[in-house]
Amino acid sequence: MLTRHLAMGIALAGFVGTAPITASAQESIYVPLLTYRTGPFAGSGLPIANGMNDYLQMLNERDGGIGGVKLTIEECETGYDTKRGVECYEQVKAKKPVVVNPYSTGITLQLIPKAAVDKIPVLSMAYGLSASAVGDEFPWIFNPPATYWDGLSMIFRYIGDKEGGLEKLKGKTIGYIFFDGGYGREPIPLLEQFAKDYGFEVKLYPVPATEMQNQSAQWLNVRRDKPAWMIMWGWGAMNPTAVREATRINYPMDKFVGIWWSGGEDDARGGGTDAKGYLTLNFNGLGTQYPALQDIQKFVLDKGKSQTPKDKFGENLYNRGVYNSVLIAEAIRNAQRITGKKVVTGDDVRRGFESLKISAARWKELGLPEFGAPIEAVSCSDHNGHHAAYMQQWDGTKWVRVSDWISPMKERVRPLLEAAAKDYVSKNQPWPKRTESCDKSS
Amino acid sequence: MFYRETGQYKTDYAADMALFPIRQDRIGIALILIIAFVVIPLTMSSFTLSAVMIPVLIFSLAAIGLNLLTGYTGLISLGTAGFMGVGAYACYKFTTWFPGVNIIVLILASGFVAAAVGAVFGLPSLRIKGFYLTVATLAAQFFLSWCFVRLPWLVNYNISNAIEVPTRTILDIPVTGPNATPVTRYLVVLSIVVFMTWIASNLVRGRIGRSWMAVRDMDIAAELIGIRLYRTKLLAFAVSSYYCGVAGALMVFLWLGAAEADSFNINQSFIILFMVIIGGLGSLIGSFFGAIFIWGLPILLRSAPEFFGVSIAAATVEHIQYMVVGALIIFFLIVEPHGLARLWQIAKQKLRMWPFPY
């Protein structure tokens, strides 16, 4: 131990002369962003990365950070590759991050066991392991505003609405086209449960990661099976391909519903004007008319401090990135309020997340009125809150909001979550018991 | 001059057949082992240990596995990642069945499952050669990837279709799982890799290795001098898959901590193949060079701008790194088609003559 410190001391001493950056690290909050601007998922990764970055940059430029403390924002390129993601995590871990956003289900799965040991909260916003919403077993993982099972139940609420009751689905076929990995497979148990309950048939169309841009085989089967509705769990290059293939077989686009990760502008543009009618869930506002986005324009984009292309500003996935950063910023602010400290640590921010509340009034205060459903139900035992989303429809050139907030079937999702969490814990014995105490305010 | 053997007499067969007959080599290897076992764990940061050293060692082991097959026996395989996956999934099943058994025993045992699978996919090598065999191993890769995704039994019906590594301890020290320190994991990986490299080096020097090389150089001639082709080729497949399987189990259990089927995709196979080609076909030390070059260099390149205080966007660094690594690969293959191991050999040769050139 002594020699190690000695060696590190010598190494540090050699460093100090050349790198005067270390001094400022004390007075700032380190927020690393694991992003991917390269690789097969870059199409979806770019707008998200830009949105996350720009909102935090804006806080730095406009307010001087959060609570008077500047944020140190740093990107690490993962390429959506799990091995690189773990490398990024190890790299940022040394600099004491207050939160890590893996932005990939695969990477999240690898970080879940590590987070508790390293005392770093992981924010997997509406992706990752649904079961990690059970805060009693996963005190360090957060996945608000909704899980994939919530998403599926919202899609079924919408379908039920259009069909005049879910009972009308009896005898019909529902197709499910999905990314063949953890992300796409997770909703299947609930889907099969729905099929049993309402008497419809499920057809599964898996799309392997290597075949994302070549889905003709799957869509040939769709043409044969003629499902009444198509549900899609896609990401990256898979989405525009699916939309294009759907238009090619003349599938009725207003019966084609995607999860929130399938709703980028570039995804729908893949099908051109024929894609008109394509539906996806969404939980963040669209467009640039929000005061906070105007501030981003003024303080970040106009000053050339962003990589965002002008025409992509305010698009759906960009705003999704902003939403993600709002959660981070609010959790940090919360942590400052709870602890009274200015420079907060990972543990403080975990407490900040556990008592995260963003009411409609708060959304307005943030300059984002009606941008998202009020976040209120996040607590120590529920790290998700099961918040509402809405349905948006592609009108040929842009997304249009076509429904009110749809709340998930929480009573059906929660037991599944509890069971899945129990299952995860039993398979990963010995799993650490929760020792983190719960704040009264949450 | 530095590398002169003059005065080192061999007086018995044992000395002549030693693994490192030259004194300088023995000193060199002892130095390397001391650095690897003592200096590195004491001085390196946990990031360097867990994101650079551990993967380099694991990839070296996989590259050795592929090298035994491709470099020594002349059978090109594109199924490496598939066999690594077999090892990883087998180890996961073993440790859920026998949670009390020492994890290192299970990791080494899971290699046998990979060896059996490898031998099955080696069967076509009895009939076909060259490109045709390559395609057959490619089929193995696709078939195994398909299995990893479609057989929920392999992941114990885990809903997210991934392996999650539980904590396993040896003498109450956690070796796998999130509580295992990078130093522990590094030392375990290092010990296994050193041990298996030692076995491999003895294997290729002995009867089995000679028969592999005979098959590589000309199979008909090998058959004529009495080497049974089928057995030799199948054994090469089995041993190679054993090494890959152990590497796969190490990758998931001691490095990543969790794995999806996608971790064992065709890209991974290509990366290992590149390591073998860059490092040098038919050379164990080349496998290490290749792994260091392909895995270590990009990390170095990525951290270079920050080290020099230049701020470049993460994605730009990524693109630059692709270009530089790509260019370097081409450069090395033009300068020395036999890989880095050959360069190493030339360097040793030059040192032997120094300061008098030919």
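Going by the annotation in an unreviewed UniProt entry, the name recorded for chain B is Branched-chain amino acid ABC transporter permease, with Pseudorhodoplanes sinuspersici given as the source organism. Turning to chain B, the UniProt annotation filed under Subcellular location (unreviewed entry) states: "Cell membrane".

You'll find chain A entered in an unreviewed UniProt entry as ABC transporter permease, with Pseudorhodoplanes sinuspersici given as the organism.

Chemist: Go over the overall build of chain A with me, naming the residues and quoting the values.
Modeler: Helix and strand content of chain A: 15 helices and 11 strands. Whereas a compact globule of 442 residues would reach a radius of gyration of roughly 22 Å, chain A reaches 22 Å, a difference of no more than 12%. Reported as C-alpha extents along the three principal axes, the dimensions of chain A are approximately 70 × 50 × 45 Å. Counted over contacts in chain A with a minimum sequence separation of 6, partners at least 24 positions apart contribute 71%. The centroid of the 52 positive side-chain charges in chain A is displaced by 1 Å from the centroid of its 49 negative side-chain charges.

Chemist: So, the overall build of chain B: which residues are in play, and what are the values?
Modeler: On a plain count of helices and strands, chain B comes out with 14 helices and 4 strands. At 21 Å, chain B has a C-alpha radius of gyration in line with the 21 Å of a compact globule built from 358 residues. Along the three orthogonal principal directions, the C-alpha set of chain B runs to about 65 × 60 × 45 Å. Burial statistics for chain B: of 358 residues in total, 51% are counted as buried. Restricting to contacts in chain B with at least 6 residues of sequence separation, those with at least 24 account for 74%. Split by element, the accessible area of chain B, about 16,700 Å² in all, is 72% carbon and sulfur.

Chemist: Run through the domain arrangement of chain A, naming residues and quoting values.
Modeler: Residues and elements named next belong to chain A. When cut into domains, chain A gives domain 1 (15-146 + 288-386) and domain 2 (148-285 + 391-417). In this complex, domain 1 contributes 36 residues to the contact, which on the side of domain 2 involves 31 residues. Summed over both sides, the interface between domain 1 and domain 2 buries roughly 2,900 Å², with carbon and sulfur atoms accounting for 55% of that surface. Considering only the surface of domain 1 that becomes buried against domain 2, Asn316, Arg320 and His386 emerge as the three largest contributors, covering 23% of it. Remark: the boundary between domain 1 and domain 2 carries 4 salt bridges.

Chemist: Mind laying out the state of the cysteines, listing which residues take part and the relevant values?
Modeler: In protein chemistry, a disulfide is the covalent bond that joins the sulfur atoms of two cysteines. Residue and element names in this part refer to chain A. As enumerated under the stated definition, the model contains 1 disulfide over all chains in all. The disulfide that involves Cys76 links it to Cys88, with 2.0 Å between the sulfurs. Here the disulfide of Cys76 and Cys88 is left-handed, its torsion about the S-S bond being about -80°. With Cys76 in strand β2 (residues 70-77) and Cys88 in helix α3 (residues 82-93), this residue pair connects regions lying 12 residues apart in the sequence.

Chemist: Describe the pairing of strand β7 (residues 229-233) of chain A, with residues and values.
Modeler: Residue and element names in this part refer to chain A. Where burial is concerned, most of β7 is hidden: 5 out of the 5 residues are buried. Side chains of β7 alternate between two faces, with Trp229, Ile231 and Trp233 and Met230 and Met232 buried alike. Relative to β7, strand β5 (residues 173-179) runs parallel, the two sharing 5 bridges. Residue pairing for β7: Gly175 is matched across the bridge by Met230. Strand direction decides the pairing type here: β7 and strand β8 (residues 256-258), joined by 3 bridges, are parallel. Across the sheet, the residue bridging to Met232 is Gly258, located in β8. As for the winding sense of the linkage, the β-α-β connection from β7 through helix α9 (residues 238-248) to β8 is right-handed.

Chemist: Can you lay out the pairing of β5 of chain A for me, pointing to particular residues and giving the numbers?
Modeler: When you tally the buried positions in β5 of chain A, you get 7 out of 7 residues, the bulk of the element. Both faces of β5 of chain A are covered, namely the face carrying Thr173, Gly175, Ile177 and Phe179 of chain A and the face carrying Ile174, Tyr176 and Phe178 of chain A.

Chemist: Talk me through the interface of chain A and chain B; I want residue IDs and the actual numbers.
Modeler: If you look at the interface, chain A gives 38 residues, while chain B gives 44 residues. Taking both sides of the interface into account, the surface hidden between chain A and chain B amounts to around 3,600 Å²; carbon and sulfur atoms contribute 57%. At the surface where chain A touches chain B, the tally comes to 3 salt bridges. With a shortest N-O distance of 2.9 Å, Glu318 of chain B and Arg84 of chain A are connected by a salt bridge. One can count 8 residue pairs in polar contact (both at pLDDT 80 or more) joining chain A with chain B. Put simply, the parts of the chain that give the side of chain A that touches chain B at least two residues each are α1 (2-16), β2, α3, α4 (105-118), α6 (182-185) and α15 (410-427) of chain A. If one sorts the elements of the side of chain A that touches chain B by residue count, α3 of chain A sits on top with 7 residues. For the side of chain A that touches chain B, the per-class residue count stands at 13 nonpolar, 10 polar and 15 charged.

Chemist: Please set out the UniProt feature "domain: Leucine-binding protein" (unreviewed entry) in chain A residue by residue, giving values where relevant.
Modeler: Per the UniProt record, "domain: Leucine-binding protein" (unreviewed entry) is annotated on residues 29-396 of chain A. For the annotated span residues 29-396 of chain A, helix accounts for 42% and strand for 14% of the residues, and the straight-line distance between the end C-alpha atoms is 42 Å.

Chemist: Tell me what's going on with the packing of aromatic side chains, and back it up with residues and numbers.
Modeler: Counted by the stated rule, this structure contains 50 aromatic pairs over all chains. Their ring planes at 85° and their centres at 5.4 Å tell us that Trp255 of chain B and Trp295 of chain B sit as a pair that is edge-to-face. Taken together, the residues Trp255 of chain B in helix α10 (residues 229-256) and Trp295 of chain B in helix α12 (residues 284-307) connect sequence positions 40 residues apart. Across this residue pair, the class does not change: Trp255 of chain B and Trp295 of chain B are buried. Summarising the aromatic geometry, the rings of Phe331 of chain B and Phe332 of chain B are spaced 5.7 Å apart at their centres and angled 70° between planes, so their arrangement reads as edge-to-face. Its guanidinium or amino end placed over the ring of Trp261 of chain A, Arg320 of chain A lies 5.0 Å from that ring's centre, counting from NZ or CZ. Here Arg350 of chain A stacks its cationic end above the ring of Trp140 of chain A, 5.0 Å away from the centre of that ring.

Chemist: I'd like a rundown of the confidence of the model for chain B, residues and numbers included.
Modeler: Mean pLDDT over chain B stands at 88; residues scoring 70 or higher make up 99%. In the model output, the complex is listed with pTM 0.85 alongside ipTM 0.80.

Chemist: Summarise the side chain of Glu336 of chain B; cite the residues concerned and give the values.
Modeler: All names here are of chain B. Tracing the backbone through its elements, the reader meets Glu336 in the loop between α13 (314-335) and α14 (340-353). Buried within the structure, Glu336 lacks any salt-bridge partner; its nearest side chain of opposite charge belongs to Arg342, at an N-O separation of 4.6 Å. Look past the residues within four positions of Glu336 in its chain and what remains in contact with it is Arg342, Leu343 and Ile346.

Chemist: Quick one: what's the story with the packing of helix α2 (residues 42-63) of chain A against helix α11 (residues 291-301) of chain A, residue by residue and with numbers?
Modeler: Each pair of packed helices gets described by two things: the angle between the helix axes and the distance between those axes. Residues and elements named next belong to chain A. Closest axis-to-axis distance for the α2/α11 pair is 9 Å, and the angle between their directions is 75°. By the angle between their axes, α2 is roughly perpendicular relative to α11. Within the contact between the two elements, α2 uses Asp54, Tyr55, Gln57, Met58, Glu61 and Arg62 and α11 uses Ala292, Asp295, Ile296, Phe299, Val300 and Leu301.

Scoring rules and cut-offs
- Residues numbered from 1 in each chain as written.
- Chains lettered and ligands numbered in written order.
- Predicted model: local features only at pLDDT ≥ 70, side-chain atom pairs only at ≥ 80, totals over all residues.
- Heavy atoms only, no water.
- UniProt positions renumbered as here; feature names shortened; annotations may be inferred.
- Helix = DSSP H or I, 4+ residues; strand = E, 2+ residues; numbered from the N terminus.
- Rg over C-alpha atoms; globule rule 2.2 N^0.38 Å.
- Contact = heavy atoms within 4.5 Å.
- Lys, Arg positive; Asp, Glu negative; His and termini not counted.
- Charge placed at Lys NZ, Arg CZ, Asp CG, Glu CD.
- Buried < 20%, exposed > 50% of the residue type's maximum accessible area, 1.4 Å probe, protein only.
- Areas by Shrake-Rupley, 256 points an atom, 1.4 Å probe, with all protein chains shown as cover.
- Domains from an automatic or database assignment.
- Buried area = accessible area lost by both parts, 1.4 Å probe.
- Salt bridge = Lys/Arg side-chain N within 4 Å of Asp/Glu carboxyl O.
- Disulfide = S-S within 2.5 Å.
- Pairing = 2+ DSSP bridges.
- Right-handed = clockwise from strand over helix to strand, strands pointing away.
- Polar contact = N/O pair within 3.5 Å; in protein donor to acceptor, adjacent residues only side chain to side chain.
- Nonpolar A, V, L, I, M, F, W, Y, C, P; charged D, E, K, R; others polar.
- Phe/Tyr/Trp six-rings, centres within 6.5 Å; stacked < 30°, edge-to-face > 60°.
- Lys NZ or Arg CZ within 6 Å of the ring centre and 35° of its normal.
- pLDDT = per-residue confidence, 0-100.
- Axes fitted to C-alpha atoms, helices over the stretch in contact; angles between N-to-C directions.
- Parallel < 35°, antiparallel > 145°, perpendicular 65-115°, else oblique.

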